[in-house]
Amino acid sequence: MVNPIELETLNAPQLRELTRELVERLSAQQHKDNASAETIESLKRELLFKSTRIEQLTYELARYKRLRFARTSEQLNAVQASLLEEALEADLAAIEEQLEQLREQPKSAPRLKPRREALPAHLPRVAVHHEPEARSCSCGCALTRIGEDISEKLAYEPGLFTVERHIRGKWVCAQCQTLIQAPLPAQIIDKGIATAGLLAQVMVAKFSDHLPLYRQEAIFGRAGYAIARSTLGAWVGACGVQLQPLVDALKQAILGHQVLHADETPVAMLKPGNGKTHRAYLWTYSPGAFEAIKAVVYDFTETRSGKHAQAFLGAWRGKLVCDDYSGYKALLAKGVVECGCLAHARRKFFDLHVHNNSQLAGQALNYFAQLYDIERESQQLDAHARCQIRQARAKPIADALHAWMAAHRLKVPDGSAIAKALDYSLTRWSALTRYLDDGTLPPDNNHVENQIRPVALGRANWLFAGSLRAGQRAAALMSLIQSAKLNGHDPYAYLKDVFTRLPTLPASRIADLLPHRWQPSRA
């Protein structure tokens, strides 16, 4: 800067240059102040979110502990009580895991070693050595091995327990006394005794093979080591929290497609405290049957309200293949295109034909059969060729079906079963035949209904949920397991590899573990 006396000696160009410099300095300072203010405001928002979330989780944790140790189980039968106990154990572990992630750990806090019983001596041991790659110190001297640390982890293959003894040699430099040890591989459950394979076995058995934890406890007992169901529940809860970012990434991958299937099915949810159940719902979403990826995401909710579909889809605007449930209708006003399910329309006539031997229903089924014959022929074609075949061959049949329905609707009495079947198709005709003009659209919602069948097989066991959290956790884990199956993967091998790689995988590469992109790691 110049002093006032020097200012008097400056000419016009020098004054302009000085003015420009002052403006730039003031602008830079203002920008810096604004950036600082934005940073402070961002930190305030983050702190408020964390403190609020910690308060919510702390309250929820206290409530679950009261439920866990209350005498509510007397109102339930033995199976219900066991399933409720499993859900509560998993919920408690999940809440504690989330609190651990939110709370700042003081650097000076002493590290407490977990206290647990030693693994049984009769189980076979497998040594896994971890030694430093370099055998020389940074000062140039050779390292000398002076001892080792040993930690044990429980591994499992169907019917056989083994114990992995992780041996970490201690190497020291005689010159500068530097101690070097190879680190232990990161674990999906920090300081847990279970290997990735054992955790994968528990998750697949519960959410794919429909084995509740109390049954797995007995199975493990026959293999030589009965793991308490409270421990198994804690593993389920912790794994559910750790896998949630991967499930969120799978959801975003699905929402990146213009054609989606959606459907929902009721499941029983046990209400802790009163020993009763109420009807909750599992919603199923997947990319269109002709889309490039194979994936499915489940969403567990306490009600069937359409607000849940709106919350899941968010800002997504595309073509939704669904049934005529009114909960999806609010989406249409926001720009979502409704694509009807031809199979639902056909089912109305099929039921009439089977139970009442209706001749009219039989005639309708003949039209539907012709439409589906064309679909089978064009299934392997690209979207453009499929659309051309539909326009040339299927559209005339659909037009004839519509005319047949309209003519016979005038002849049947209102309120009759055949009238209801005809009305279902006639009032939804535009949505039911939208697929004829778009080769990317499937004719029905059968693709997503096939993804609900595994739920129907197991919901009497694993989805007798003791809480909303338990249902949401089941939905998340089933999303990964079922998506792995759709892509031809063994769900056990997939989850074992995910549990092994996820702890050290950067957030930017989490999409590599999505079932439709996953490649087994090379040992």
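For the structure itself, look to the data block above.
These notes cover the structure that comes with them.

Parameters and conventions
- Residues numbered from 1 in each chain as written.
- Predicted model: local features only at pLDDT ≥ 70, side-chain atom pairs only at ≥ 80, totals over all residues.
- Heavy atoms only, no water.
- Helix = DSSP H or I, 4+ residues; strand = E, 2+ residues; numbered from the N terminus.
- Buried < 20%, exposed > 50% of the residue type's maximum accessible area, 1.4 Å probe, protein only.
- Contact = heavy atoms within 4.5 Å.
- Areas by Shrake-Rupley, 256 points an atom, 1.4 Å probe, with all protein chains shown as cover.
- Core = buried A, V, L, I, M, F, W, Y, C linked by side-chain atoms within 4.5 Å.
- 1 Å grid on protein atoms, 1.4 Å probe; cavity = no way out; pocket = protein on both sides within 12 Å on 5 of 7 lines; lining within 4 Å.
- Points joined across faces, edges and corners; volume = space filled by probe spheres on them.
- Nonpolar A, V, L, I, M, F, W, Y, C, P; charged D, E, K, R; others polar.
- Pairing = 2+ DSSP bridges.

On to the overall build of the protein. Looking only at helices and strands, the protein has 16 helices and nine strands in total. Residues counted as buried form 44% of the 523 residues belonging to the protein. Of the contacts made within the protein by residues no fewer than 6 positions apart, 67% connect residues no fewer than 24 positions apart. Entry remark: accessible area of the protein is about 27,600 Å², with carbon and sulfur atoms responsible for 53%.

Our focus in this paragraph is the nonpolar core. In globular proteins that are soluble, nonpolar side chains generally tend to be buried together. Of all hydrophobic cores here, the largest spans 80 residues; its most connected members are Leu198, Met203, Trp235, Leu320 and Phe499. With 11 residues, the top contributor of residues to this core is helix α6 (residues 229-254). Non-local contacts of tryptophan 235, meaning those with residues more than four positions away in its chain, are made with Ile189, Ile193, Ala194, Leu198, Leu199, Val202, Met203 and Ile227. Ranked by size, the runner-up nonpolar core spans 33 residues in total, among them Ala345, Ala361, Phe368 and Met405.

Attention now goes to empty space enclosed by the protein. A probe as big as a water molecule, rolled over the atoms, marks out the empty space that is left. Under the criterion given, the structure shown has three cavities of 30 Å³ or more. Approximately 40 Å³ is the volume found for the second largest cavity. Around the second largest cavity, the lining residues are Cys322, Asp323, Asp324, Glu338, Gly340, Cys341, Tyr424, Arg428, Ala431 and Leu432. Taken together, the residues of the lining of the second largest cavity sort by class into five nonpolar, one polar and four charged.

Turning next to the pairing of strand β2 (residues 143-157). Consecutive side chains along a regular strand alternate between the two faces of the sheet. Pairing geometry for β2 and strand β3 (residues 160-173), over 14 bridges, is antiparallel. The residue of β3 that forms the bridge with glutamate 148 is glycine 169. Connecting β2 to the antiparallel partner β3 that follows it, the hairpin turn spans two residues, and glycine 159 within it adopts a positive phi of roughly 90°.

So, to be careful, I would describe these as geometric facts and stop short of saying anything about function.
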